[in-house]
Amino acid sequence: MSELSIAREKGVIESLRQSTLVDLLATDVITTSKTSEDLQTAPGIVSVITQQDINAFGARSLEDVLNLIPGFTVGRSNRIGYHSTLYVRGSSSFWGESVLFLLNGQRLNEGLTGGAMSFIPDYPLDSIKQIEVIRGPSSALYGANAFMGVVNIITQNGKESEGGQFSVRAGSNETLLLKGEYGTQVNEEFNFKLYSSLTHYNDEDLPQRDVTWSSGGNTEQLINRVNTDARHLLHLGGRAQYRNFDIELGYNTSQNSNNWGVGTLSERTEASYRHHFKTEQLNIGIKHQFDFSEHLALKTQASYVNNRSETQLRASLGSINRFGQEASEQLATANTLLMPWNTDSLNIETSIGWHIRNHHNLIVGLSYEHDHVNAMIDKSNVNLAKKLVLDNYIESQTNGMPESQREVYALFAQYSWTINEFLKLTAGIRSDSYSDFGTTTNPRLALVYKPTNKLNIKALYGQAFHAPSLKDLYRYTRSIKSNPDLEPETMKSYELQLQYQLRHDLLLSSSFFKFNTDNVIRNVSTQNPKNPIEVQVDNLGQSSADGIELELFYRPYKKFSLFANYTYTDSDQDTDGRSVDIEGVPKQALNIGFQSQLSSSLDFNISAYRRWQWTSQAATPIYADFTPPDYTILNSRLIWQAQSNLKWTFDVFNALDSIPSYPSQHSFVPEGIPANGRTFLLGFEIQFD
């Protein structure tokens, strides 16, 4: 093995074992201001997850990472297919539309749902440098979807990670995780990085909670049901830098199958009985920086994202149980609903950054966004009323969406002033003009005060907006009526963070937040006696959230480190003068992790998170109300550095075999979507030139 590979591997190990609180506080972030600055003076409440953190805890995907962030919970959803979803600081976001996702600073959210996780079940962690998470709104800098937070996935370039690596993990539930990457700096002007990963698992016999439903005057109890969850995901990507150009390409495809809904019988878990969700995503990004001088630079970036999916829904267990054995067998493998989607987004942005002397920074920029969704009509090859499987697919007369598009023009500016060595002020504003609902303008103000080396205080105010998605404006179904006259949700936010380094090895942090939201977009019953489950998307009422996040980082010596964070949120919504809890969110969350060096070549690390005191989902005309159960997830990882270029790993995910039931579309999944059970993985990672 070359000296380069040995040095690189040793560097990663020593960085992991010897990093200090000083290193943590000196971490540079770029997401809060679109320019590099240190974590303590950045005008936002930010969490940073490094490559070393990901390796230490064996995170398999972005879900594993975000579940350890204060205020974040990742669940499951079935709103457009089968994918992850987000609950952030007391908000419920089944599409993940309240959080903006970026890849190296370029937008991933699409226009159909507004989210970035609707077409990708989860994001793999290939070639990650670090993940920056802004906990709080950032519409004054990024516009729509930066409503409750921003997640910026920053990848490595060939200069930062020369050489290659290949890893394999395999184990229970037919799990197989493959990952490979290679990067090199060809010369001073050109470097590139290639990476790929494959994820496969098939988790069967997940328990499904019993449920009773009422329809047409009849009541039926569904008991002793199970669920399945299978996933096959391939990711290919690359990044190249030439002079001042930075180009990124990515392709994701996945095939998912499960029995989410009311579950199925234990003898009907084969693939032919399952719902299927197929996806493809292509993303292309290019950035360029032109330096007029040491203090003045022009940055231009453009990105294109295309998402395609096909959802195949099987007949529900409640329906097929009433049709008799012969008809039931036929209907169980037929598609009661076939939904193809195709949406693409183009984003272009240019900005000028001016560093004025030593204490002033100004950024002014323009951006353009174009979102497009192809026309779609649901199809079916089954007639449930006649208990027949049809030879051909029949187009629905009630479920579909016309071809839709929107354009967004935006102007933004941000000014920061380092008043003295103790005080920094940041002010920003952004105006977005939408082709469908008009213009919205959102300012922000941040004051960072550091009176001593041990104490750091941030006071933040901001306004944000959540644009209605194209789905909410134009999608129609038998039970949901869209609304082309929707207005954006608007928010005012107040945040305060206090960080105190009690000792050289102990850092404490507390963050307080308050959000007030108007024009909340929600489904409102139409009170249609012929269709009691019919709702219309509308702006109705207000919502608010208050909460606190407490964090602890402790590293008494090189061989041990500990982090812990706790979040309490009280959120409610006001409709017709009544104040009720926001549905289906956890009020309390606790995350813990520690890393320990057992010997010079052996590390043992544990991470865990608990969610409890969930609010209920209200009853529907068919189902009773549902309160998600409390749960605790415990993960562990053992790392053996067998050689300088070879390490073995043993992971246990969900060691307690907890089965959360995440809230989702209550009319379709009345008792929540179960998560995966206990999983054991044995693997190795090898470095090469």
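Use the structure listed above.
An account of the accompanying structure is given in this report. On a predicted model such as this, the values are computed, not experimentally measured, just so you know.

Moving on, we come to the sheet that holds strand β7 (residues 99-103). In spatial order, the strands read β3-β9-β10-β7-β8; together these five strands make up an open sheet with mixed pairing. Two strands bound the open sheet, and with one partner strand each, they are β3 (46-50) and β8 (106-107). Taken together, the seven bridges between strand β9 (residues 128-135) and strand β10 (residues 149-155) define a ladder with antiparallel strand orientation. Paired with Arg 135 across the strands is Gly 149, a residue of β10.

For the rest of this paragraph, the subject is the packing of aromatic side chains. For the structure shown, the criterion picks out 19 aromatic pairs. Aromatic side chains Tyr 434 and Phe 437 sit 4.4 Å apart centroid to centroid with 20° between the ring planes, which places their arrangement in the stacked category. Taking the centre distance of 5.6 Å and the plane angle of 55° together, the rings of Trp 648 and Phe 684 count as tilted. Residue Trp 648 is located in strand β39 (residues 646-653), and its partner Phe 684 is located in strand β42 (residues 679-688); the two are separated by 36 residues in the primary sequence. Exposure remark for Phe 684: the relative accessible area of 27% places this residue in the partly exposed category. Among the aromatic residues, ring-to-ring pairing joins Tyr 87, Trp 614, Tyr 631 and Tyr 662 into one connected group.

Any two side chains of opposite charge can pair if their charged atoms end up close together. For the structure shown, the criterion picks out 25 salt bridges. The salt bridge involving Arg 169 is made with Asp 651; its shortest N-O contact spans 3.1 Å. Of the two residues, Arg 169 is situated in strand β11 (residues 163-171) and Asp 651 in strand β39; the sequence distance between them amounts to 482 residues. Where salt bridges share partners, they join Arg 89, Arg 135, Glu 495, Glu 549 and Glu 551 into one cluster.

What follows concerns the environment of Val 65. In this structure, Val 65 sits in helix α4 (residues 62-66). It is 7.5 Å that separates the C-alpha atoms of Val 65 and Ile 54, two residues lying eleven residues apart in sequence. Residues in contact with Val 65, not counting those within four places in the same chain, are Ile 49, Ile 54, Ala 59, Leu 125 and Ile 131.

A cluster of nonpolar side chains, Tyr 242, Phe 245, Ile 247, Leu 249, Leu 282, Ile 284 and Ile 286, forms an exposed patch at the surface whose accessible area comes to about 580 Å². Secondary-structure elements contributing two or more residues to the nonpolar patch are β17 (245-258) and β18 (275-291). With respect to the helices, strands and loops of the structure, Phe 245 is situated in strand β17.

What follows is about the pairing of strand β34 (residues 560-575). Sheet topology note: the strand β33 (residues 542-557)/β34 ladder contains 14 bridges and is antiparallel. Its bridge partner lying in β34, Leu 550 is registered against Tyr 566. As defined by bridge partners, β34 adjoins strand β35 (residues 578-581) across four bridges and the pair is classed as antiparallel. In the strand pairing of β35, Thr 575 is matched with Arg 578.

Scoring rules and cut-offs
Residues numbered from 1 in each chain as written. Predicted model: local features only at pLDDT ≥ 70, side-chain atom pairs only at ≥ 80, totals over all residues. Heavy atoms only, no water. Pairing = 2+ DSSP bridges. Helix = DSSP H or I, 4+ residues; strand = E, 2+ residues; numbered from the N terminus. Phe/Tyr/Trp six-rings, centres within 6.5 Å; stacked < 30°, edge-to-face > 60°. Buried < 20%, exposed > 50% of the residue type's maximum accessible area, 1.4 Å probe, protein only. Salt bridge = Lys/Arg side-chain N within 4 Å of Asp/Glu carboxyl O. Contact = heavy atoms within 4.5 Å. Patch = residues over 30% accessible without salt bridge, like charges linked within 9 Å, V, L, I, M, F, W, Y side chains within 5 Å. Areas by Shrake-Rupley, 256 points an atom, 1.4 Å probe, with all protein chains shown as cover.

Spatial relationships are all this shows, so hold off on functional conclusions.
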